[in-house]
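# Architecture at a glance
So you can see what is in the structure, the chains are spelled out below.
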Amino acid sequence: MAITWSEARTKVRGDLWRTPSGIADDVCDRGLHTAILDIEADRRWLWLENISTSIPLTVASNQILLPTDLSSLQQLGYRAPGATYMDPLTSIAISAARILAANVAGTSPTAYALAEGQAFLDATAPVGSTFELIYTARTPLELSVAVAAGDTNLTLQREQTCVIAGACAHIASTFLRNSTEAGRQAAVYERIMDRMRNTEDEARGDYNGGFAMPDTGYHDLAYGRTQ
């Protein structure tokens, strides 16, 4: 069941037997944010990989504002207005993208560069264009940005019990200075994390067909990627 950021605050306060006057929103926010970042830092989780989304253009532009939770971009594709197919774009340097965008007119985007949470295109895309993204997600490090997008936070939505336990442990330790409660909540958090790790290991094994995926990065760089 989906949970909002506001509901997560209420659950944190309930588990710590406090009211809004006892634990302010800012304290809850910092606790939830810390717990989410701790979970995501533990390992690469499958639920944060291969996220798909579409960005439609309502005005012509050579810049695309990317999702705030984007950590790394696997693919950016361009769909022209009315087109039924998508053209994958090539990644280039930001300097090249800006030079091309300033000098190329009347063509469709073929390449992009990432900088400052945006994709800079090598040409201006017209109104009605759509950009298709496949990316790896991560909760924003800036608290205000994370809270603003909290209702759709992937880690909170999937593992709310673990997030809330982690937040309670953090708040009990730093704000309430209650080492007993902090220890109790931390124990709950670690038990859930152990279960999550075991479940993830099994799921990733199925995802890779039961085999470990070899690292072929150096081979690909030296000899080119083969099919």
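Before going into details, it helps to say that this report is about the structure given with it. The model shown is predicted, which means the values in this text are computed figures rather than measured ones.

## Some thoughts on the nonpolar core
Within the largest apolar cluster, 48 residues are counted, with the highest numbers of intra-cluster contacts made by Val12, Ile39, Leu76, Phe131, Leu133 and Met196. Looking at this core, the elements that each hand over two or more residues are helix H1 (5-15), helix H2 (25-42), strand E1 (51-56), strand E3 (70-79), strand E7 (118-125), strand E8 (130-137), helix H6 (160-174) and helix H7 (179-207). A total of eight residues in this core trace back to one element, the largest contributor, which is H6. Those residues in contact with Phe131, other than ones at most four positions away along the chain, are Thr53, Ser54, Ile55, Leu57, Ile64, Leu76, Gly77, Tyr78, Leu89, Leu121 and Ala125.

## Topic: the side chain of Glu132
Examined against the element boundaries, Glu132 turns out to sit in strand E8. Polar contacts involving the side chain of Glu132 include one to the side chain of Ser54, which spans 2.6 Å. Look past the residues within four positions of Glu132 in its chain and what remains in contact with it is Thr53, Ser54, Gln75, Leu76, Gly77, Arg79 and Met86.

## Examining the pairing of E7
Most of E7 sits out of view: seven of its eight residues are buried. Note: strand E2 (residues 61-65) against E7, four bridges, orientation antiparallel. Looking across to E7, one finds that Ile64 is bridged to Ala119. By the bridge criterion, four bridges tie strand E6 (residues 111-115) to E7 in an arrangement that is antiparallel. In the sheet register, Leu114 faces E7, and the bridge partner there is Ala119.

## Considering H6
Taking 1.5 Å of rise per residue, 15 residues should cover 21 Å, and H6 covers 21 Å from first to last C-alpha, within 8% of that figure. By the criterion of burial, H6 is predominantly enclosed, with 11 of the 15 residues buried.

## What to know about the sheet that holds E7
Pairing is mixed across the open sheet formed by four strands, whose spatial order is E2-E7-E6-E5. Strand pairing shows two members of the sheet lacking a second neighbour, E2 and strand E5 (90-91), which therefore form its edges. Judged from the two bridges that link them, E5 and E6 form a sheet pairing that is parallel. Opposite Thr90, over in E6, you have Ala111 as the bridge partner. Sheet contacts for helix H3 (residues 94-103): E2, E6 and E7; angle to E7, the most-contacted strand, approximately 25 degrees.

## Observations concerning the packing of H2 against H6
At their nearest, the axes of H2 and H6 sit 8 Å apart, and the two run at 120 degrees to each other. The pairing of H2 with H6 is recorded here as oblique in orientation. Handedness of the H2/H6 crossing: right-handed. Residues Val27, Cys28, Arg30, Gly31, Leu32, Thr34, Ala35, Ile36 and Ile39 of H2 lie in contact with H6, whose contacting residues are Cys162, Val163, Gly166, Ala167, His170 and Ile171. Residue composition of the contact of H2 with H6, grouped by class: 10 nonpolar, four polar and one charged.

## Some thoughts on the sheet that holds strand E4 (residues 87-88)
With antiparallel pairing, four strands are arranged side by side in an open sheet as E1-E8-E3-E4. Single-partner strands in this sheet number two, and they are E1 and E4. Of the strand pairs in this sheet, E3 and E4 are connected by two bridges, and their pairing is antiparallel. Residue pairing across strands places Tyr78 opposite Asp87, the latter belonging to E4.

What counts and what doesn't
- Residues numbered from 1 in each chain as written.
- Predicted model: local features only at pLDDT ≥ 70, side-chain atom pairs only at ≥ 80, totals over all residues.
- Heavy atoms only, no water.
- Core = buried A, V, L, I, M, F, W, Y, C linked by side-chain atoms within 4.5 Å.
- Buried < 20%, exposed > 50% of the residue type's maximum accessible area, 1.4 Å probe, protein only.
- Helix = DSSP H or I, 4+ residues; strand = E, 2+ residues; numbered from the N terminus.
- Contact = heavy atoms within 4.5 Å.
- Polar contact = N/O pair within 3.5 Å; in protein donor to acceptor, adjacent residues only side chain to side chain.
- Pairing = 2+ DSSP bridges.
- Expected span 1.5 Å × (residues − 1).
- Axes fitted to C-alpha atoms, helices over the stretch in contact; angles between N-to-C directions.
- Parallel < 35°, antiparallel > 145°, perpendicular 65-115°, else oblique.
- Left-handed = near helix turned anticlockwise from the far one by under 90°.
- Nonpolar A, V, L, I, M, F, W, Y, C, P; charged D, E, K, R; others polar.

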